[in-house]
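Geometric and topological summary
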Amino acid sequence: MKSQIISLIMLVLLTGITYANRVNVEILNRLRADGIDIEDLERRRQEYGYIAEDDDSPTDQIQRYNDFMGIMRNEFSSRIPEIEYKIGSNANVKVTHDIPETIRNFVLDFGFYIFMDELKYGVTNEDYPGIQAVYNFMFYISLIDPHTNRIVGKYKVQGQWTSETHLSAEEMAEMALKLLEEDQMPKVDELEADIKRYADYHSATIKYSETDQQANGSNIGTVTVSNIQDILIGEAKNNTVCRFRLEAKRGKFTETGTHWVEFDGNEMYYGGDKVSFEYLTYNCNDYETNKEQDEFTLKQISLMAESYSNVVKTQIVDFTCEVLYDVYMNYYGQGFAEAEMVWRNVKIAFPDENNPVKIINPDTYDESENVEPPYSIKIPGYGLETYYSLCENEYDTPEIIKLRSPNGANVWLSTGEEALNYFSIESTPSSPQIHLEVGVDLYIEDTQMDLRISPETDDMVSGGLRDFKQMSLNSEVIENLSNGQNAIWEMTSAKGAKMKLEFKPINNQNTF
């Protein structure tokens with residue numbers, strides 16, 4: 001027996017099958033019924049076509065009305081067990097009374113109305129000889145969510161009696177209370193149907209915290225579900241009405257390590273109408289089509305104590321499969337200049353089995369064609385130049401953060417089509433290893449003093465403070481850039497000037 005129980009528990013854990021609970025409906029221990037005053041009695045008489053004469057005093061009727069309401073309120077509590085029995089309970093709904101608020105999902109609120117149509121003694125109605133009074137009684141019942149005050153269902157129990165005399169308060173109460181014994185009382189199946197009608201959800205909001213984050217199989221973001229049908233119905237703090245499952249088509253939720261995660265309606269209701277989960281992105285390299293999207297589906301998997309199959313919301317979230325970098329350059333040349341600038345949104349990609357190098361023939365190249373790194377250009381008589389980066393700016397112009405000369409001279413950066421600004425990761429026939437090509441069209445006053453990394457340097461110009469010898473990128477930097485991670489490349493010129501290039505991925509939270 002023990003092994004069977006363990007097997008059952010394991011099955012539930014593995015399949016994720018969990019149902020919500022039998023909901024509790026409490027019959028409130030009160031009857032809403034007000035007394036009547038002279039003005040209201042007179043309004044009712046006029047509304048129904050009988051205007052009292054000057055010598056007709058309604059005092060007796062008012063007193064009997066108020067006495068009657070007092071009896072009804074006092075007697076109602078003793079009739080609750082009978083009401084509970086008449087309504088019944090089933091596998092989904094338990095109708096009861098006097099239960100803790102923490103497990104109370106709905107309440108049945110009873111109100112009462114009476115219309116006393118009594119003729120004055122000595123007055124007869126020719127159409128109904130011998131009838132001195134007609135009494136209309138009605139219990140109006142509301143099924144209410146006490147947490148939101150939303151009315152989920154409305155029901156009536158009513159009846160009419162005629163009398164040859166004016167009935168006393170006790171006689172009227174005896175007639176009215178008989179209605180609670182009749183089959184007009186709503187049945188539990190009606191309550192269940194009304195709850196299902198309101199708790200059958202078909203809208204929600206699903207948001208991802210970083211919609212432009214790279215999908216590389218290691219980044220973690222947050223998926224938040226909120227506003228299910230504006231607000232959930234009947235969710236008690238310790239007894240839920242519905243259970244939901246959030247599914248991701250590609251990524252996984254860290255809480256479960258699977259493509260799905262489940263939660264109860266009361267978790268959302270008492271969590272500020274939202275619930276959030278950590279989500280591990282998929283890897284773009286695992287897919288051939290629609291790589292930059294994941295599909296999230298919110299399903300309602302149980303309602304009350306039954307399994308349920310209802311798609312509440314499907315949401316497509318966009319991701320990015322390319323690595324975008326902000327490439328920061330820090331330069332310091334003593335007595336010459338200090339500079340800090342950044343190339344924004346630089347695409348960097350190295351070839352692999354899923355992303356081979358595209359070869360471009362200049363003679364047949366269509367300029368309208370979108371070119372993404374890595375790509376090679378076939379140059380006649382020279383060979384292939386391969387590019388592993390692409391700057392966002394058309395002229396590779398960096399954004400200046402800091403630029404100054406220690407002697408107070410005016411330092412400025414030339415921009416535009418004629419300027420010689422460039423940033424590139426490439427390999428060429430003359431320099432076949434992967435390396436950096438960097439140029440900054442820098443001016444001090446009217447003299448062009450551009451900074452550069454190139455195969456050829458002139459140490460005599462500016463005392464060798466602006467020229468840096470080209471070096472191949474090492475395997476660590478290439479590996480980090482291939483994985484969308486931070487990388488740093490530092491250089492020193494022949495005359496001691498310092499240059500540091502820092503690659504910061506802008507769409508990757510897990511940079512290490």
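Residues numbered from 1 in each chain as written. Predicted model: local features only at pLDDT ≥ 70, side-chain atom pairs only at ≥ 80, totals over all residues. Heavy atoms only, no water.

**Thoughts on the packing of aromatic side chains**
Centre distance and the angle of the planes are the two values used to describe a pair of aromatic rings. Following the criterion strictly, the structure yields 27 aromatic pairs and no others. The interplanar angle of 40° and the centroid separation of 6.1 Å between the aromatic rings of Y201 and F244 together place this pair among those described as tilted. Here the residue Y201 occupies a position in the loop between helix 5 (188-198) and strand 6 (205-208), and F244 occupies one in strand 8 (residues 242-248), the gap between them amounting to 43 residues. Side by side, Y201 and F244 carry an identical accessibility label, which is buried. Aromatic pair Y282 and F319: ring centres 5.6 Å apart, planes at 80°, arrangement edge-to-face. In this pair, Y282 is assigned in the loop between strand 11 (274-280) and strand 12 (293-303) and F319 in the loop between strand 13 (306-318) and strand 14 (324-333), connecting sequence segments 37 residues apart. Aromatic ring contacts, followed pair by pair, group Y201, Y208, F244, F253, F263, F277, Y279, Y282, Y287, F296 and F319 into a single cluster. R245 extends its terminal NZ or CZ atom over the ring of W260, reaching a point 4.4 Å from the ring centre. The ring of Y287 carries the charged tip of R250 above its face, separated from the ring centre by 4.0 Å. (Phe/Tyr/Trp six-rings, centres within 6.5 Å; stacked < 30°, edge-to-face > 60°. Helix = DSSP H or I, 4+ residues; strand = E, 2+ residues; numbered from the N terminus. Buried < 20%, exposed > 50% of the residue type's maximum accessible area, 1.4 Å probe, protein only. Lys NZ or Arg CZ within 6 Å of the ring centre and 35° of its normal.)

**What about the side chain of S424?**
Take S424: it is sitting in strand 22 (residues 422-427). In this structure the side chain of S424 is engaged in a polar contact, spanning 2.7 Å, whose partner is the side chain of E426. If we ignore the near neighbours within four places in the chain, the residues touching S424 are Y387, S389, H435, L436 and E437. (Polar contact = N/O pair within 3.5 Å; in protein donor to acceptor, adjacent residues only side chain to side chain. Contact = heavy atoms within 4.5 Å.)

**With respect to the nonpolar core**
The biggest cluster of nonpolar side chains holds 75 residues, and the ones touching the most others in it are F68, F112 and I228. In terms of residue count, the dominant contributor to this core is helix 3 (residues 59-87) (8 residues). Sequence-distant contacts of F68, defined by excluding residues within four places in its chain, comprise F112, I114, F137, A169, M172, A173 and A176. In this structure, M341, V411, I434 and L436 belong to the second largest nonpolar core, which totals 42 residues. (Core = buried A, V, L, I, M, F, W, Y, C linked by side-chain atoms within 4.5 Å.)

**Looking at the state of the cysteines**
Here the structure, examined in full by the defined rule, presents 1 disulfide. Each disulfide pairs two cysteine sulfurs, and for C284 the partner residue is C321, the sulfurs being separated by 1.9 Å. Classification of the bridge connecting C284 and C321 rests on its S-S torsion, roughly -80°, and on that basis the disulfide is left-handed. Highlighted residues: C284 in the loop between strand 11 and strand 12 and C321 in the loop between strand 13 and strand 14, separated in sequence by 37 residues. (Disulfide = S-S within 2.5 Å.)

**Brief notes about the sheet that holds strand 9 (residues 252-253)**
Reading across the sheet, the 4 strands line up as 6-7-11-9 and stay open at both edges, with antiparallel pairing between neighbours. What marks the edges here is a single partner per strand, and that holds for strand 6 and strand 9. (Pairing = 2+ DSSP bridges.)

**Details of a negative patch on the surface**
Taken together, the side chains of D67, E170, E171 and E174 define an acidic patch exposed on the protein surface. In terms of residues, the negative patch owes the most to one element, helix 4 (residues 169-178), which gives 3 residues. Assignment of secondary structure puts D67 in helix 3. Among the residues examined, D67 registers a relative accessible area of 35% and is labelled partly exposed. (Patch = residues over 30% accessible without salt bridge, like charges linked within 9 Å, V, L, I, M, F, W, Y side chains within 5 Å. Areas by Shrake-Rupley, 256 points an atom, 1.4 Å probe, with all protein chains shown as cover. Salt bridge = Lys/Arg side-chain N within 4 Å of Asp/Glu carboxyl O. Lys, Arg positive; Asp, Glu negative; His and termini not counted. Charge placed at Lys NZ, Arg CZ, Asp CG, Glu CD.)

**As for the pattern of salt bridges**
On inspection of all chains with the given rule, the structure shows 22 salt bridges. We note a salt bridge from K347 to E372, for which the minimum N-O separation is 2.9 Å. Linking K347 in strand 15 (residues 337-348) with E372 in the loop between strand 16 (358-360) and strand 17 (375-379), this pair joins segments that are 25 residues apart in sequence. On the accessibility criterion, E372 (27% relative accessible area) is partly exposed. Each of R243, R245, E247, E262, D264 and K299 takes part in one network of salt bridges that share partners.

**Thoughts on the pairing of strand 29 (residues 498-505)**
Where strand 14 lies against strand 29, 8 bridges are found, and the strand directions are antiparallel. For D326, the partnering residue across the bridge sits in strand 29 and is K504. Two strands pair when backbone bridges link them, and strand 28 (residues 487-492) and strand 29 are joined in this way by 6 bridges, in the antiparallel orientation. Within strand 29, the position partnered with T492 by the bridge is K498. Hairpin connection between strand 28 and strand 29: a loop of 5 residues separates the two successive antiparallel strands, and G496 in this loop has a positive phi of roughly 90°.

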